[in-house]
Amino acid sequence: MSIVTTLFFIWGFITSLNDILIPHLKSIFALNYAEVMLVQFAFFSAYAIFGLPSGVLVERIGYKRTMVVGLVAMALGAILFVPAAEAPSFPLFLGALIVLAAGMTMLQVAANPYVTILGPPQTSSSRLNPTQAFNSLGTVLAPLFGAWLILGDAPKVVKDLKILTPEALHTYRVAQAATVKLPYISITAVLVLLGLLIALYKFPRLDITRDFRPVHPGQTDSLWNYRHLVLGAIGIFVYVGAEVSIGSFLTNYFHRPEIGGFSIEKAALLVPYYWGGAMIGRFIGSALLQKLKTGPVLGICAIVAGCLVIASMMSFGLFAVWTILLVGLFNSVMFPSIFALAIAELGPLTGKASGVLCVAIVGGAIIPELQGLLADDIGIHHAFILPVLCYVFIAYYGFRGSKIVLPS
């Protein structure tokens, strides 16, 4: 459990580092919001492409080997940031992100269901919450790490870039892009070491994936016959989309003069409060979900999160800053709760169902891109209406959509 929890930490760290890459690459390549959100689109699209194949891989080679393969793929993606920075090339950065996320998809497809099967099914969400809390610890530390190493030098604004000669512009981009090398080289080394540790460690019950849970009467081979799984996949889609959309825009949002008026570097240092709230909430949620039903807790958290986003949209200054940051606290239990509710009572279909849910993480690609288009059209302040709509569906899933109706 401790070793698997380390995996949750590392993929949270890498995912949150995208929130630092976004303002950094936006300034280097003079991108608009829709263009720079291709960072999240490339990263989370990998979940749609590799989610189902990863589920099949788990069934064929087991949880342990899938974790190792995923870590190797992640290490390859991380080291590809070096040639992308040397170029420097925005498309190469996107390519490196896709490879990195492909490995992370394998990791998630293997690790999430493995945690749920380490004890009674009725407390599976309470086990996922502490592991997800360490995922959130990674998301807290990554912006601090990235703001220090990547955003250390103040970038030029777009109007200053336009007056540079092509040679001066290239020199500037090379210098700015070079700041990503050390962080991603360090990440590569950690991933390789972690892969070796898992490869050498003897895990219990990792070579068989189909027999942990019994077949229920009336259970069919088609995943699509299970309403709570299908709606759960939609829930994962909109949850990840909402969480990533908010996190991706925070630095630029706080930089706005009518919101916080902070410098880009200082605005980035506020982002850990968003992810820190999620970390704290997951530890609290782990305790609460031992005694409370998961569905209603999920529904209440979604309603509060949506109200906080609306409050930020309707205000200015520090009130708008802190209400949007507080959303992280109520985001906390959503992913593990939706995941646990969606795979409940699926027996030997659990591995494939995990693959479907990881495909749904592609919401982190599509919804931020849509919010980027909205931000370019109606402004970053009002574009947060999209996450509000996502929380409305999550509330429905918690109260109604997660109820299990087994096929007759």
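In case you missed it, the structure is sitting above this.
Read on for a plain summary of the structure. From a predicted model like this one, the values you see are computed outputs, not experimental measurements.

### Digging into the overall build of the chain
At step 1: Helix and strand counts for the chain come out as 18 helices and zero strands.
At step 2: Of all 408 residues assigned to the chain, the portion counted as buried reaches 60%.
At step 3: Sequence-distant contacts, at least 24 apart, represent 85% of the contacts inside the chain between residues at least 6 apart.
At step 4: When the accessible surface of the chain is split by element, carbon and sulfur atoms take 70% of a total near 15,700 Å².

### Considerations on a nonpolar patch on the surface
At step 1: Residues Leu 38, Phe 41, Ile 366, Leu 370 and Leu 373 make up a contiguous nonpolar surface patch of about 390 Å² in total accessible area.
At step 2: Listing elements by their share of the nonpolar patch, those giving two or more residues are helix 3 (38–79) and helix 17 (363–378).
At step 3: For the nonpolar patch, the leading source of residues is helix 17, giving three residues.

### Observations concerning the nonpolar core
Here is a general trend for soluble globular proteins: nonpolar side chains tend to be buried in one another's company.
At step 1: Counting residues in each nonpolar core, the largest one holds 124 residues, and the members touching the most others are Met 67 and Phe 254.
At step 2: Once residues within four sequence positions are removed from consideration, Met 67 is found in contact with Val 4, Leu 7, Leu 107, Ala 110, Ala 111, Tyr 114 and Ile 198.

### Comments concerning the packing of helix 12 (residues 271–288) against helix 14 (residues 317–331)
At step 1: Here helix 12 crosses helix 14 at 30°, and the two axes come no closer than 6 Å. With respect to helix 14, the element helix 12 is oriented roughly parallel. Of the two possible hands of crossing, helix 12 and helix 14 adopt the one that is right-handed. Across from Tyr 273, Tyr 274, Gly 277, Ala 278, Gly 281 and Arg 282 in helix 12, the residues of helix 14 making contact are Trp 322, Ile 324, Leu 325, Val 327, Gly 328, Leu 329 and Asn 331.

### Some words on unusual backbone geometry
Excluding glycine, most residues fall at negative phi; most peptide bonds, likewise, are trans.
At step 1: Geometrically, the link from Ala 87 to Pro 88 is a cis peptide bond, its omega value of -25° lying close to zero.
At step 2: Locating Pro 88 in the fold gives a position in the loop between helix 4 (81–86) and helix 5 (90–116).

### A short note on the pattern of salt bridges
At step 1: If you walk through the whole model with that rule in mind, you get two salt bridges.
At step 2: Of the charged contacts, one joins Glu 86 and Lys 181 as a salt bridge, the two residues approaching to 2.6 Å between their closest N and O atoms. Remark: Lys 181 occurs in helix 9 (residues 181–200) and Glu 86 occurs in helix 4; sequence separation between them is 95 residues.
At step 3: A relative accessible area of 47% means that Glu 86 is categorised as partly exposed.
At step 4: Here Glu 258 ties to Arg 256 by a salt bridge, and the two come within 3.3 Å at their closest N and O atoms.

Rules used in this analysis
Residues numbered from 1 in each chain as written. Predicted model: local features only at pLDDT ≥ 70, side-chain atom pairs only at ≥ 80, totals over all residues. Heavy atoms only, no water. Helix = DSSP H or I, 4+ residues; strand = E, 2+ residues; numbered from the N terminus. Buried < 20%, exposed > 50% of the residue type's maximum accessible area, 1.4 Å probe, protein only. Contact = heavy atoms within 4.5 Å. Areas by Shrake-Rupley, 256 points an atom, 1.4 Å probe, with all protein chains shown as cover. Patch = residues over 30% accessible without salt bridge, like charges linked within 9 Å, V, L, I, M, F, W, Y side chains within 5 Å. Salt bridge = Lys/Arg side-chain N within 4 Å of Asp/Glu carboxyl O. Core = buried A, V, L, I, M, F, W, Y, C linked by side-chain atoms within 4.5 Å. Axes fitted to C-alpha atoms, helices over the stretch in contact; angles between N-to-C directions. Parallel < 35°, antiparallel > 145°, perpendicular 65-115°, else oblique. Left-handed = near helix turned anticlockwise from the far one by under 90°.

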